[in-house]
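# Summary of the model geometry
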Amino acid sequence: SVRSGEDASTISALALADQNGLLLPAETNDLPAIIASHQRLLRPGIPPRKRTTETALILDPTWAQYVGGDEEIAYKLLASLFEDQLRALHSLGAPIEVHIMSDLFHSKFPEYSVHFFLNSLYLSEAERRQVDARIKRSGKVGIWFWGAGVVGEDSITGDLGKQVCGQKLRLETGPISLNTRTADTKDAITRGMHMGSKFGSERQISPILTISDKSCTRLAANTNNKTVSSVIRHKEWTSIVLGTLPVPARILQNILRDAGSHLTVENEAEKLEISADSAVLACRARNQIAATLSLPGSSDVVDGNTGERVASGLTQIAVNINAEDAALFLLKPARKNEQTV
């Protein structure tokens, strides 16, 4: 639904891309144009819409139950950090689909190549087994942020975290800053970062997980020079631990590149929110931006808002979008004889 003050066309474009319903008041100014844009997807010749998103964000809505100490202060602190991380995750220049932990048990849970676990502090034994079944195979990538899986049904230990992420973890108590520094610039995940460059919050938190696994590649260290972020690339899957919040979008984008995922926007991705499938591409601008959108293949492109043909055989689309506006494009695989632009 569209709230007062929101632009109906912008919300409509995002709803179309996400295959969501949309409730509009009868007095909506752009109602005829919005109806027309939705009808274009129902016309003959439009290919079936298939999922193309390669990245999943797994959230635990119950995470706050496992925060100790002064619960109100701790909750506000962590909520703020998680919100900052969410903004970075939605600034990757690629579509990302959001799930909750229980979705992993659904028989129709989609196949993704990359899985971000933002706040999975507690996992039951059944959830741990399901993570093993879903993530630790077929070249998939699992990324765990601060506190990954350290809370179990009977205890809180680094060994429980190791069961989840596959890296040897040590749980260290005592407040310490979440601020970290880059410890390796040769790995694909830290490409473009300077040695010693800092990221993460200056806020202090306890406990902290440090990584004592010598088989891992050290990515970042805390202020005590202990490894808190690392990667290990198994033959079957890749495990990445990011033991701080928030981790900048640049590193998250590098993770997608290293996994072979397609990025719709390479530069200034933080200004755009991307939604896409095989037939629709929508992008919403947080700030005014001129950008080039990269398509996953050669496509015939129609402007979803106006119905006008953009071009045939495109692999890129140049856009100029005002803040809080959205661009909507309908995509159809280009004919083999079409010239690629």
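The sections below set out a description of the structure shown in this document. (Residues numbered from 1 in each chain as written. Predicted model: local features only at pLDDT ≥ 70, side-chain atom pairs only at ≥ 80, totals over all residues. Heavy atoms only, no water.)

## What to know about the overall build of the chain
Secondary structure summary: the chain contains 6 helices and 18 strands in total. Relative to the 2.2 N^0.38 estimate, which gives 20 Å for 341 residues, the radius of gyration of the chain is 22 Å and therefore close to what a compact globule would have. Reported as C-alpha extents along the three principal axes, the dimensions of the chain are approximately 60 × 45 × 40 Å. Taking all 341 residues of the chain together, 50% fall into the buried category. Pairs at least 24 apart in sequence give 67% of the contacts found in the chain among residues at least 6 apart. (Helix = DSSP H or I, 4+ residues; strand = E, 2+ residues; numbered from the N terminus. Rg over C-alpha atoms; globule rule 2.2 N^0.38 Å. Buried < 20%, exposed > 50% of the residue type's maximum accessible area, 1.4 Å probe, protein only. Contact = heavy atoms within 4.5 Å.)

## Some words on the nonpolar core
Ranked by internal contacts, the top residues of the largest apolar core, which has 40 residues, are F116, F145, W146, L252 and I255. At the level of secondary structure, the elements contributing two or more residues to this core comprise α3 (71–89), β3 (114–117), β4 (140–144), β11 (217–221), β12 (227–233), β13 (237–242) and α6 (249–258). The element best represented in this core is α3, accounting for 6 residues. If near-sequence neighbours (up to four positions away) are discounted, F145 is found in contact with Q85, L89, F116, F117, L118, L242, T244, L245, V247 and L252. Counting residues in hydrophobic clusters, the runner-up holds 24 residues, among them L104, I135, A148 and V164. (Core = buried A, V, L, I, M, F, W, Y, C linked by side-chain atoms within 4.5 Å.)

## Re the packing of aromatic side chains
Tallying each qualifying case throughout the model produces 5 aromatic pairs. A network of ring pairs unites the aromatic residues F117, W144 and W237 as a single cluster. (Phe/Tyr/Trp six-rings, centres within 6.5 Å; stacked < 30°, edge-to-face > 60°.)

## Remarks on the environment of E268
By the secondary structure assignment, E268 is in the loop between α6 and β14 (272–276). Here the alpha-carbon distance between E268 and G93, two residues 175 residues apart in the chain, equals 8.2 Å. The residues contacting E268, other than those within four sequence positions of it, are I289 and A290.

## Some words on the pairing of β4
Most of β4 is tucked away: 5 of the 5 residues are buried. The side-chain alternation of β4 yields two buried faces, one formed by K140, G142 and W144 and the other by V141 and I143. Across 4 bridges, the pairing between β3 and β4 is parallel. Residue F117 lies in a different strand from β4, and its bridge partner there is W144. Crossover connection from β3 via helix α4 (residues 125–135) to parallel β4: handedness right-handed. The pairing of β4 with β13 spans 5 bridges and is parallel. By the bridge assignment for β13, V141 is matched with T238. (Pairing = 2+ DSSP bridges. Right-handed = clockwise from strand over helix to strand, strands pointing away.)

## Digging into the side chain of E172
Mapping E172 onto the fold places it in strand β5 (residues 169–172). A polar contact is formed between the side chain of E172 and the side chain of T210, at a distance of 2.9 Å. Apart from the residues lying within four places of it in its own chain, the contact partners of E172 are P207, I208, T210 and K226. (Polar contact = N/O pair within 3.5 Å; in protein donor to acceptor, adjacent residues only side chain to side chain.)

## What about the sheet that holds β13?
What links the strands of a sheet is backbone hydrogen bonding, and the strands pair in either a parallel or an antiparallel sense. Reading across the sheet, the 9 strands line up as β2-β1-β3-β4-β13-β12-β11-β7-β8 and stay open at both edges, with mixed pairing between neighbours. Each having just a single partner strand, β2 (97–100) and β8 (198–199) make up the two edges of the open sheet. Across the sheet, α4 is in contact with β3, β4 and β13; its angle to β4 comes to roughly 140°. The sheet contacts of helix α5 (residues 158–165) involve β4 and β13, and relative to β13 the element is tilted by about 140°. (Axes fitted to C-alpha atoms, helices over the stretch in contact; angles between N-to-C directions.)

## As for the sheet that holds strand β15 (residues 280–285)
Read across the open sheet, the 5 strands follow the order β14-β15-β18-β16-β17; overall the sheet is antiparallel. Edge positions in the sheet fall to β14 and β17 (309–321), since each has one partner strand and no second. Taken pair by pair, the neighbouring strands of this sheet meet at an average axis angle of 20°, ignoring direction. Pairing of strand β16 (residues 289–303) with β17 involves 9 bridges; the strand directions are antiparallel.

## Quick notes on the side chain of R128
Relative to the helices and strands, R128 resides in helix α4. E125 provides the closest opposite charge to the buried, unpaired R128, separated from it by 4.2 Å. Within the structure, the side chain of R128 is placed 3.1 Å from the backbone oxygen of L123, a separation counted as a polar contact. Once residues within four sequence positions are removed from consideration, R128 is found in contact with L123, G149, V151, G152, L160, Q163 and V164. (Lys, Arg positive; Asp, Glu negative; His and termini not counted. Salt bridge = Lys/Arg side-chain N within 4 Å of Asp/Glu carboxyl O.)

## Some remarks on the pattern of salt bridges
Oppositely charged side chains may form a pair once their charged atoms are brought near each other. Evaluated as defined, the whole model comprises 10 salt bridges. For R257, the salt bridge identified is with E266, shortest N-O distance 2.7 Å. Accessibility expressed as a relative area gives 33% for R257, which makes it partly exposed. Given a relative accessible area of 42%, E266 falls into the partly exposed group. One salt-bridge network, held together by shared partners, links E111, R137 and K140.

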